[in-house]
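Remarks on the overall topology
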Amino acid sequence: MFMAFMVKKKISGKDYYYLNENKRVEGKVKTKTLAYLGKTEKEAKKKMKEIIEEGNKKEEKKKEEVVLTKEKITIDDLANFCKAKGFVFRSSDIYGGFAGFWDFGPLGVELFNNIKNEWWNYFVRSKENVVGIEGSIISNPRIWEASGHLENFSDIAVICKKCKKSTKIDKSELGKVKCEFCGGEYESQGDFNLMFKTNVGATIPLESYLRGETAQGMFTNFKLVHQTSRMQLPFGIAQMGRCFRNEIAPRDFLFRSREFHIGEIEFFLNPDEKKCSLLTKEHLDIKVRLLDAETQEKNSEELKETTIGKMLKENRLEEWHAYWLAEQILWFNSLNLREIKIREHKKDELSHYSSATFDIDYEYPFGSREVAGNANRGQFDLKQHEKASRQNLEVFDEPSGSKVLPKVIEPTFGMERILLALLVKAYSKNSKGEIVLQLPRKIAPVKAAIFPIVKKSEFEEISKMVFKDLKKDFNVVYDSGGSIGRRYARNDEIGTPFCITIDGDSIKGKDATIRDRDTTKQVRVKVQDLKETIRKLINEEIDLFK
Ligand SMILES: [Zn+2]
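Below or above, wherever it landed, is the structure these notes cover. Owing to the predicted nature of the structure, the values given are computational and were not obtained by experimental measurement.

1. As for the overall build of the chain
Looking only at helices and strands, the chain has 17 helices and 29 strands in total. C-alpha atoms of the chain, sized along the principal axes, occupy 100 × 65 × 60 Å. For the chain, the proportion of its 546 residues judged to be buried stands at 31%. Nonlocal contacts in the chain, meaning residues at least 24 apart in sequence, comprise 61% of its contacts between residues at least 6 apart.

Here's what the structure looks like:
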C-alpha cells in the first residue's frame, strides 16, 4: 500500500497543496514531499487520487513480475537432468556405462565449447603477455619421470574396516582421516599411481603415459615458444585439453572422473622479479572469502573476509601470484560465479613442486570443493627438465641483462568442474514449478528459439527466414510444435535466453517479439534488426528487459 497524505501550506497568503509521505529513517520519522498538487483543494484531491492509483498500479506490476527461485539439487538429480535434456550422458551407456568417463550430448558440447571459448578469449587472446599451445596427449615418458609424476603422483586406496566402502585418500591424510560414510577406521590397500599407462609402437613397445596434466607441455616447449613467439619475460604459455588420471574412486558426476579437461597457464618470470607491473587497484580491492592456513591448523573452517591487497600485506603470496589469483576471481565473476572461496594450502599438503598454493573452491551439492587452483611452482619444473634432458633452459632477460632460469606461477582450472558449477548455479524454478536454467547468456548452448505463432505457411516462411539468417552467427533452434507456452517452457529448461515469435503483426508491421527467459518480458523488434539485437543482448551491450 502506498502511504501518503495531503498538506496545505500558506505562502504569502496563498494556498498551496502538496502530497507528503512519512518515512522512518534510522529510527526517526522524516517527512518527504512527493509532489505538488495545485492551488485549490478540489484540484489537489483529484491529483492525489491519480498519483496514488498510479503508485498502486506500479506495486501490482511488481507483484506480477516473475520470481525465479534457486533450487537446491543433488548431484544425482543433476546427472539425471543432464541426461534427460542431452547435456551429458554416461560414456558407453548402452553397455551400462564405464565408471569415470562421460560423453557430452548436443547441448552439452555447445555449452562446454562456449565455456572453453570464454576462457581462451579472457586468458589468452585478450592478454598481451600470454600465448597458447596445444600439446600431444602422449609424450616421451622421460617427461613424467623428470616431473616427479611417476614417483609422486599417487593416492592411497583404502577400505573402511566397518562399512567396507572403498575410496582414496591423499598420502598426507593416512592415519588422520576416518571413513566419510560411517566414521570407521580405514585400512590401506596400498599406493596407486594415477598415470594411465599405454604402449607406444608394435615390435618393441615403449611403455608411456596419457598426460595427467597439461603443465608439462608448457615446460618442455618453453624455450621453443620463447624463441618463436617473440615473447619476453615475464610471459605466459596457456593450454587447454584432455587429461587422464586413473582415479581409484571416480564419483560426483563430472567432478571426479578419469578423463577431463584442464585449462592452465604457466607464467614465466625472472625469479628475482618482485614487482608486478599489471597489478591495479581493481585487483587489490577484490574481496576474497579466505580460509587461511592458520585457521585450518586449528581444525576450523571459518572464512575470513579479506582482499587481495590485504593478502599481499600479510605475505601470503607474491605480487605476480596475487595478480593471477585476482584475474582468476575476475573471470569467475564474469560468469556470475561469485560464491567462490579461496583456501590456502597448509605447509604439509603443498605439492612436491610448490611453495604456495591456493584452491579456488565452489559450493557444490556435495560440499565445498576445488574448481580451480593457483600454485607458485618456483623453478622446480624447469630445473628438473634441465637435469633430465641436459638442455640449458635459461633465457635472456632484457630488463636485468642476464640469462635466467624463470620461476613459474600456475593458474589452473578444471573445465568440467566449471561447467558443473554453472549448472548448479543456473538451476532454478519459476512460480509454476517449471525448471528455468539461468545460464549466463554468453555461455547458453542455444542463444534463441524462433517460433511461428501458429503452424501456417505465412508465419512459417518468415520464421524460417529469420532462423536461417540467425543460424549463420549463433546456435539457434526452430520450434513450431505445441502451444507457445509449452515452447517457452521447453526453452527455459535448457537455458535459451531468448524466444522470438513471428505473429500477425510480423507480416503487417514487419516486426517480431523477443521474449526474455529470466523476466519473461517481451519487446517488439523489426525483423531486419533481429540478428543485431540478439548479438547486442548476448554481449550485454543493451538491456531491453529492465
Ligand atoms: Zn565406513
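Still more ground to cover, so stick around.
2. Some points on the nonpolar core
Grouped together as the largest cluster of nonpolar side chains are 94 residues, with contacts concentrated most on Leu419, Ala448, Ile450 and Ile500. Viewed by domain, this core spans two of them, domain 2 (75-153 + 194-424) and domain 3 (446-538), each represented by three or more residues. Not counting chain neighbours up to four residues away, the residues in contact with Leu419 comprise Leu111, Phe112, Ile115 and Leu254.

3. As for the environment of Leu330
The topology assignment puts Leu330 in helix H11 (residues 319-334). The sequence separation of Leu330 and Pro205 amounts to 125 residues, and the corresponding C-alpha distance is 47 Å.

4. Looking at the sheet that holds strand E18 (residues 356-364)
Taking strand neighbours across the sheet as the criterion, the 9 strands line up as E7-E13-E14-E22-E19-E18-E17-E15-E16 in an open arrangement whose pairing is mixed. Single-partner strands in this sheet number two, and they are strand E7 (130-132) and strand E16 (304-307). Direction aside, the axes of adjacent strands within the sheet are offset by 30° on average. Strand direction decides the pairing type here: E7 and strand E13 (residues 235-244), joined by 3 bridges, are parallel. Opposite Val130, over in E13, you have Gly236 as the bridge partner. Across the sheet, helix H3 (residues 106-125) is in contact with E7, E13, strand E14 (259-269) and strand E22 (407-414); its angle to E13 comes to roughly 160°.

5. Comments concerning unusual backbone geometry
For the bond running from Leu233 to Pro234, omega is -5°, close enough to zero to count as cis. As for its placement among the helices and strands, Pro234 is situated in the loop between helix H7 (222-229) and E13. The phi dihedral of Arg230 is positive, around 60°, even though this residue is not glycine.

6. Overview of the sheet that holds strand E10 (residues 186-193)
The 3 strands lie next to each other as E9-E8-E10, forming an open sheet whose pairing is antiparallel. In this open sheet, the two edge strands, each paired with only one partner strand, are strand E9 (166-169) and E10. Averaged over all neighbouring strand pairs, the angle between strand axes comes to 30°, with direction disregarded. Relative to E9, strand E8 (residues 154-160) runs antiparallel, the two being bridged by 4 bridges.

7. A word on the environment of Glu319
Note that Glu319 resides in helix H11. When the C-alpha positions of Glu319 and Cys276 are compared, they lie 5.5 Å apart, and in sequence the two are 43 residues distant. Sequence-distant contacts of Glu319, defined by excluding residues within four places in its chain, comprise Lys274, Lys275, Cys276, Leu279 and Leu312.

8. Here we look at the pairing of strand E19 (residues 367-378)
In this structure, E18 lies alongside E19, joined through 9 bridges in antiparallel fashion. Bridging from a neighbouring strand, Thr357 pairs with Ala375 of E19. Taking the residues between adjacent antiparallel strands as the criterion, E18 and E19 are bridged by 2 residues.

9. Quick look at the environment of Arg258
Within the secondary structure, Arg258 is located in the loop between E13 and E14. Note on Arg258: 19 C-beta atoms within 10 Å, which makes it partly exposed. Taking the C-alpha atoms as reference, Arg258 lies 16 Å from Ile156; in sequence the two are 102 residues apart. In this structure, Arg258 is in contact with Gly100, Phe101, Phe244, Arg245, Asn246, Glu247 and Pro250, ignoring residues within four places of it in sequence.

10. Concerning the packing of H3 against helix H13 (residues 415-426)
At a minimum axis separation of 10 Å, H3 and H13 run at an interaxial angle of 115°. With respect to their mutual orientation, H3 and H13 come out roughly perpendicular. The handedness of the crossing between H3 and H13 is right-handed. The residues of H13 that touch H3, namely those facing Leu111, Phe112, Ile115 and Lys116, are Met415, Ile418 and Leu419. Classifying every residue of the contact of H3 with H13 gives 6 nonpolar, no polar and 1 charged.

11. Some details on helix H12 (residues 380-389)
Every buried residue of H12 is listed here: Asp381, Leu382 and His385. Viewed end-on, H12 has its buried residues packed into an arc of 95°, placing them on one side of the element. Summarising the contacts, the buried residues of H12 are in contact with helix H4 (142-146), helix H6 (215-220), H7, E19 and E22. Phi for Arg390, located one or two positions after H12, is positive at around 55°.

12. Comments concerning the pairing of E14
Among the 11 residues of E14, 10 are classified as buried, and the element is accordingly described as predominantly covered. Relative to E14, E13 runs antiparallel, the two being bridged by 10 bridges. In the strand pairing of E14, Gly236 is matched with Phe267. Note that E14 and E22 share 6 bridges and pair antiparallel. For Phe268, the partnering residue across the bridge sits in E22 and is Val408.

13. So, the packing of helix H14 (residues 457-471) against helix H17 (residues 530-538)
Direction vectors running N to C along H14 and H17 enclose 50°, while the axes themselves pass 10 Å from each other. Looking at the two axes, H14 sits oblique to H17. In this structure, the crossing between H14 and H17 has a hand that is right-handed. For the pair formed by H14 and H17, the contact residues are Val466, Asp469 and Leu470 on the first element and Leu530, Lys531 and Ile534 on the second.

About the cut-offs
- Residues numbered from 1 in each chain as written.
- Predicted model: local features only at pLDDT ≥ 70, side-chain atom pairs only at ≥ 80, totals over all residues.
- Helix = DSSP H or I, 4+ residues; strand = E, 2+ residues; numbered from the N terminus.
- Buried ≥ 20, exposed ≤ 12 C-beta atoms within 10 Å, placed from the backbone.
- Contact = placed C-beta atoms within 7 Å.
- Core = buried A, V, L, I, M, F, W, Y, C linked by C-beta atoms within 7 Å.
- Domains from an automatic or database assignment.
- Pairing = 2+ DSSP bridges.
- Axes fitted to C-alpha atoms, helices over the stretch in contact; angles between N-to-C directions.
- Parallel < 35°, antiparallel > 145°, perpendicular 65-115°, else oblique.
- Left-handed = near helix turned anticlockwise from the far one by under 90°.
- Nonpolar A, V, L, I, M, F, W, Y, C, P; charged D, E, K, R; others polar.
- Arc of directions from axis to C-beta.

Shape descriptors only; they carry no functional weight alone.
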